[in-house]
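Residues per chain, in single letters:
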Amino acid sequence: MSFAIAVPCLLCILFASAMGESSSRSSGLPTKRIVIAASTLLDGKGHVLHDTRVVVEGSKIIAVDPMAAPIDYDLRGLTVLPGWIDSHVHIAWSFGKDGKSGSPGGTPAEIAYSIAANAWVTLMAGFTTVQSVGSPADVPLRDAIAKGEIPGPRVLTSAEPLMGQGEKSGTPEQIREFVRKQKAAGADLIKIFANYSVRKPDLMLSQEQLGAACDEAKKLGLRTLVHAYGEAVHDVTVAGCTEIEHGVLATDADLKRMAEKGIWLDPQAGLVWENYLQNREKFVGTPGYPATLDGFASMETLIPIYRDFMKRAYKIPNLKIVFGSDAVAGAHGRNAEEFVDRVRDAGLDPMTAMVSANSLAAEAMGLGDQIGSIAPGTQADIIALDGDPMTDITAVRRVVFVMKGGVVYKIAGIPGSPDMKALSNTQTSQHTSR
Ligand SMILES: [Zn+2]
């Protein structure tokens, strides 16, 4: 791969970098205009544009104009697209100090650094927005990133999830109270476990309990993401929740009903299981995982079941399917492997895979007019891949440029361009040192 960056004025870039998430308007300084040239640009909605330029001002894209000049970043020869959105991660989940999942991560400072590291590698992998489903620790992370204090993807979080536990989950009124408590704690959405495992999909919430959770969230203006397998998919659909996570073992009738009611589906094609298998020593014997290494063998048989489910789901007309990797400890920064699984192993066409992590994921979050596409008025979340994912899906592993909200966080793999490398380091340290 070879591409050249037109060396822009150093001060201009540092200035753009210093603006961070907040607009320069508040500082009263003039806004720097940045022009990015692309030979191949995916707009996030399924279209490919050739030989065009994206104009960024402050944190937003203000124009897509082939005549815009002068060029600040020349990304011709790469594939330029909106930053990806991962609808399902567990960004606070790291291996503990002893290397095991679920064990203590050390001092509060060490834990905070490991969470910040997860955010950093996720952003470097091209994910400019993630939806983290399941930890109150996401809340301060989200806020620190939003304030520009540390680098990372934009984070939406559920804070603490509602774990279905049968009767012990509480009365419908207690469940409503729990939902209100999450909203007060800063949740952007509510995560609910209707059942736990594809192997043992016993219902853990009654229809009444599920209905109370999703109804209360709706009243508060929050979306509901429900972890559900098999029969639970039917109940979640009846309850009118927003999105179903995993969904495996759902019948075609369930999936059709979801499509009719506009309920989103977030299935997985492999990364989550591959990650458990690759890191089995770190998960073995920890809560919720096999007690012996041999116990992991059965996970291998689950991968084709998940893939077949995804293939079946994509055959249901009008069913809206988003990209969610379910990244846990060990998978942060490798979220894009899920694209490879979807295209290579589940037979998805590459454009559908890209759009599921761009405009569709944004729409599912109610942020369709703000992120997930390259169009005037949207956030300047722009990445570039060395290669063309339409012909080689493994190009998703080669993210060489990352801009989020108008700030460049990554310029990598630029042959013979030490100046730009130094520049990119400067921007990073400028940002992180604040
Ligand atoms: Zn999950």
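Here the structure is shown first, and the text comes after it.
For the structure given in this document, a descriptive report is provided here. (Residues numbered from 1 in each chain as written. Predicted model: local features only at pLDDT ≥ 70, side-chain atom pairs only at ≥ 80, totals over all residues. Heavy atoms only, no water.)

### Some words on helix H7 (residues 252–261)
Because each turn of an α-helix spans 3.6 residues, side chains separated by three or four positions in sequence point in the same direction.
Inference 1: Burial in H7 covers these residues: Asp254, Leu255, Met258 and Ala259. Seen end-on, H7 carries its buried residues on one side only, within an arc spanning 140°.
Inference 2: In this structure, the buried residues of H7 make contact with helix H6 (231–239), strand S12 (243–246), strand S13 (264–266) and helix H10 (297–314).
Inference 3: Following H7 by one or two positions, Gly262 adopts a phi angle in the positive range, close to 70°. (Buried < 20%, exposed > 50% of the residue type's maximum accessible area, 1.4 Å probe, protein only. Helix = DSSP H or I, 4+ residues; strand = E, 2+ residues; numbered from the N terminus. Arc of directions from axis to C-beta. Contact = heavy atoms within 4.5 Å.)

### Things to note about the packing of aromatic side chains
Inference 1: Counted by the stated rule, this structure contains 13 aromatic pairs.
Inference 2: An angle of 75° between the planes, with centres 5.4 Å apart, marks the rings of Phe95 and Phe283 as edge-to-face. One end of the pair, Phe95, is in the loop between strand S6 (84–89) and helix H2 (108–124); the other, Phe283, is in helix H9 (residues 280–283), and 188 residues separate them in sequence.
Inference 3: A relative accessible area of 0% means that Phe283 is categorised as buried.
Inference 4: With 5.8 Å between their ring centres and 20° between their planes, Phe193 and Tyr196 make a pair best called stacked.
Inference 5: For Tyr196, a relative accessible area of 31% puts it in the partly exposed group. (Phe/Tyr/Trp six-rings, centres within 6.5 Å; stacked < 30°, edge-to-face > 60°.)

### Side note on the coordination of the zinc ion
Inference 1: Around the zinc ion, the protein contributes the donor atoms His88 (NE2), His90 (NE2) and Asp326 (OD), at 2.0 to 2.2 Å from the metal centre.
Inference 2: All donors of the zinc ion belong to a single chain; written as a sequence motif, their spacing is H-x1-H-x235-D. With His88 in strand S6 and Asp326 in the loop between H10 and helix H11 (337–345), the pair connects residues that are 238 residues apart, well separated along the chain. In this pair, the class of His88 matches that of Asp326, namely buried. (Donors = N, O, S within 2.8 Å, 3.2 Å for Na, K, Ca; no water.)

### Some remarks on the sheet that holds strand S10 (residues 189–193)
Inference 1: With parallel pairing, five strands are arranged side by side in an open sheet as S9-S10-S11-S12-S13. The open sheet has two free edges, formed respectively by strand S9 (162–163) and S13, since each of these has just one partner strand.
Inference 2: Here S9 pairs with S10 via two bridges, running parallel. Looking at S10, one finds that Leu162 is bridged to Ile192. (Pairing = 2+ DSSP bridges.)

### A word on the state of the cysteines
Inference 1: Using the criterion set out here, one finds one disulfide in the structure.
Inference 2: A sulfur-sulfur separation of 2.0 Å characterises the disulfide bridge that pairs Cys214 with Cys241. Judged by the sign of its S-S torsion, about 95°, the cystine formed by Cys214 and Cys241 is right-handed. Linking Cys214 in helix H5 (residues 207–219) with Cys241 in the loop between H6 and S12, this pair joins segments that are 27 residues apart in sequence. An identical accessibility class is assigned to Cys214 and Cys241; each is buried. (Disulfide = S-S within 2.5 Å.)

### Notes on the sheet that holds strand S8 (residues 154–157)
Inference 1: Strand order in the open sheet formed by three strands is S6-S7-S8, and the pairing between neighbours is parallel. A single partner strand is all that each edge strand has here, and the edge strands are S6 and S8. Taking the axes of each pair of neighbouring strands and ignoring which way they run, one obtains an average angle of 15° across the sheet.
Inference 2: Judged from the four bridges that link them, strand S7 (residues 127–132) and S8 form a sheet pairing that is parallel. Each residue of the ladder has a partner; that of Val130, found in S8, is Val155.
Inference 3: Together, S7 and S8 form the strand contacts of helix H3 (residues 138–146), whose direction differs from that of S8 by roughly 150°. (Axes fitted to C-alpha atoms, helices over the stretch in contact; angles between N-to-C directions.)

### Some words on the layout of surface pockets
Inference 1: Computed from the structure, the largest pocket encloses a volume of approximately 1000 Å³.
Inference 2: What lines the largest pocket is a set of 41 residues, among which Trp93, His227, Tyr276, Gly288 and Tyr289 lie closest to the centre.
Inference 3: Put simply, the parts of the chain that give the lining of the largest pocket at least two residues each are H2, S10, helix H8 (271–278) and H10.
Inference 4: In terms of residue count, H10 provides more of the lining of the largest pocket than any other element does, four residues in total.
Inference 5: Within the lining of the largest pocket, the residues separate by chemical class into 23 nonpolar, 14 polar and four charged. (1 Å grid on protein atoms, 1.4 Å probe; cavity = no way out; pocket = protein on both sides within 12 Å on 5 of 7 lines; lining within 4 Å. Points joined across faces, edges and corners; volume = space filled by probe spheres on them. Nonpolar A, V, L, I, M, F, W, Y, C, P; charged D, E, K, R; others polar.)

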